[in-house]
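# Examination of the molecular architecture
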Amino acid sequence: QKLDLQDINFVTRGSENTRYQTIKKLKVPDELNNEEVRFIQDSIVHLYASSHEVIEHEFRLIEIEIQESKKRITFITNILDLPADQIAEVYRKRWDIEVFFRFIKQELNIKHLLSHSQNGIEVQVYVTLLLAILLTVFKQVNKISGYKIAKIRFEENLLIHIVKQLMKYQNDP
């Protein structure tokens, strides 16, 4: 509700015990269903707070079933004007971003922001992206299976290259 009041759009995953009161059921077009996913419901709802109190704020609840595993996933959003499949795609893309941030935290040891200004954050993200690309290319070219070993070898090769360049610069008149 706080995000919605600040005009911030969101898509999040609901839990199995998400409590809600249906206000309006939206039509889910049959063409959205395929061999991968089945749309069970698309509704405008009021959610319950942690108590038995209903939040008098409209949200959208979309429930899908993954065909292969029969697992059900619920999405809650304040985006009311996109089709249900696009909401599911927004969440999938959001999840890809989460996986990327886990990668840079675990594999590249980027644990915290070095700056809190927009420019500083952008610079750190761009440099991290460049490092991720270089490391991935180095890993593939050298047929290394894991990122940890690739990172160590990349660092060693870079250090050797820098030392060679410094020695060359020092020997040039």
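Residues numbered from 1 in each chain as written. Predicted model: local features only at pLDDT ≥ 70, side-chain atom pairs only at ≥ 80, totals over all residues. Heavy atoms only, no water.

## Notes on the packing of helix 3 (residues 118-141) against helix 4 (residues 147-171)
The N-to-C vectors of helix 3 and helix 4 enclose an angle of 100 degrees; their axes lie 9 Å apart at closest approach. The angle between helix 3 and helix 4 falls in the class roughly perpendicular. Contact residues: Leu131, Leu134, Leu135, Thr136, Phe138 and Lys139 in helix 3; Tyr147, Ala150, Lys151, Arg153, Phe154 and Asn157 in helix 4. Within the contact of helix 3 with helix 4, the residues separate by chemical class into seven nonpolar, two polar and three charged. (Axes fitted to C-alpha atoms, helices over the stretch in contact; angles between N-to-C directions. Helix = DSSP H or I, 4+ residues; strand = E, 2+ residues; numbered from the N terminus. Parallel < 35°, antiparallel > 145°, perpendicular 65-115°, else oblique. Contact = heavy atoms within 4.5 Å. Nonpolar A, V, L, I, M, F, W, Y, C, P; charged D, E, K, R; others polar.)

## Thoughts on the pattern of salt bridges
It is possible for side chains bearing opposite charge to pair when their charged atoms get close. Applying the stated criterion across every chain, the model contains seven salt bridges. Linking glutamate 65 and arginine 38 is a salt bridge whose minimum nitrogen-to-oxygen distance equals 3.3 Å. Residue glutamate 65 is located in strand 4 (residues 54-66), and its partner arginine 38 is located in strand 3 (residues 37-48); the two are separated by 27 residues in the primary sequence. Measuring nitrogen to oxygen at the nearest pair gives 3.5 Å for the salt bridge that ties arginine 72 to glutamate 63. Glutamate 63 sits in the buried class, given a relative accessible area of 14%. Linked by salt bridges that have partners in common, Arg38, Glu63, Glu65 and Arg72 make up one network. (Salt bridge = Lys/Arg side-chain N within 4 Å of Asp/Glu carboxyl O. Buried < 20%, exposed > 50% of the residue type's maximum accessible area, 1.4 Å probe, protein only.)

## A short note on the nonpolar core
Core analysis: the largest hydrophobic core is formed by 14 residues, its most contacted members being Val11, Phe39, Ile62, Ile64 and Phe75. Contributions of two or more residues to this core are made by strand 3, strand 4, strand 5 (72-77) and helix 2 (84-106). It is helix 2 that contributes the most residues to this core, four residues altogether. Apart from residues lying up to four places away in sequence, valine 11 is in contact with Phe75, Ile76, Thr77, Ile79, Ile87, Val90, Tyr91 and Arg94. Grouped together as the second largest cluster of nonpolar side chains are nine residues, Phe103, Ile104, Phe138 and Ile144 included. (Core = buried A, V, L, I, M, F, W, Y, C linked by side-chain atoms within 4.5 Å.)

## Things to note about the layout of surface pockets
Of the pockets and cavities examined, the largest pocket occupies roughly 460 Å³. Around the largest pocket sit 18 residues that line it, and Val37, Ile64, Ile66, Ala88 and Arg92 are the ones nearest its centre. Contributing elements (two or more residues each) for the lining of the largest pocket: strand 3, strand 4, strand 5 and helix 2. At seven residues, helix 2 tops the list of elements feeding residues into the lining of the largest pocket. Class assignment of the residues belonging to the lining of the largest pocket gives a composition of 10 nonpolar, one polar and seven charged. (1 Å grid on protein atoms, 1.4 Å probe; cavity = no way out; pocket = protein on both sides within 12 Å on 5 of 7 lines; lining within 4 Å. Points joined across faces, edges and corners; volume = space filled by probe spheres on them.)

## Thoughts on a nonpolar patch on the surface
A contiguous nonpolar surface patch, about 250 Å² in accessible area, is contributed by Val125, Tyr126 and Leu129. Within the fold, tyrosine 126 resides in helix 3. (Patch = residues over 30% accessible without salt bridge, like charges linked within 9 Å, V, L, I, M, F, W, Y side chains within 5 Å. Areas by Shrake-Rupley, 256 points an atom, 1.4 Å probe, with all protein chains shown as cover.)

## Examining the confidence of the model for the protein chain
For the protein chain, the average pLDDT comes to 88, and 99% of its residues sit at 70 or higher. Per-residue pLDDT, averaged within each element of the protein chain, yields its smallest value for helix 1 (residues 2-5) (78) and its largest for strand 5 (94). (pLDDT = per-residue confidence, 0-100.)

## Details of the packing of aromatic side chains
Under the criterion given, the structure shown has five aromatic pairs. Arranged with centres 4.9 Å apart and planes meeting at 70 degrees, the rings of phenylalanine 103 and tyrosine 147 form a pair that is edge-to-face. With a gap of 44 residues between them, phenylalanine 103 in helix 2 and tyrosine 147 in helix 4 connect regions that are remote in the sequence. Residue phenylalanine 103 is classed as buried on the basis of its relative accessible area of 17%. Taking the centre distance of 5.4 Å and the plane angle of 75 degrees together, the rings of phenylalanine 138 and phenylalanine 154 count as edge-to-face. Placement of phenylalanine 138 in helix 3 and of phenylalanine 154 in helix 4 is noted, with a sequence separation of 16 residues between them. Owing to a relative accessible area of 12%, phenylalanine 138 belongs among the buried residues under this scheme. The aromatic ring of tyrosine 48 is capped on one face by arginine 19, whose charged end is 4.3 Å from the ring centroid. In this structure, lysine 139 is placed above the aromatic ring of tyrosine 147, and the distance from its NZ or CZ to the ring centre is 4.7 Å. (Phe/Tyr/Trp six-rings, centres within 6.5 Å; stacked < 30°, edge-to-face > 60°. Lys NZ or Arg CZ within 6 Å of the ring centre and 35° of its normal.)

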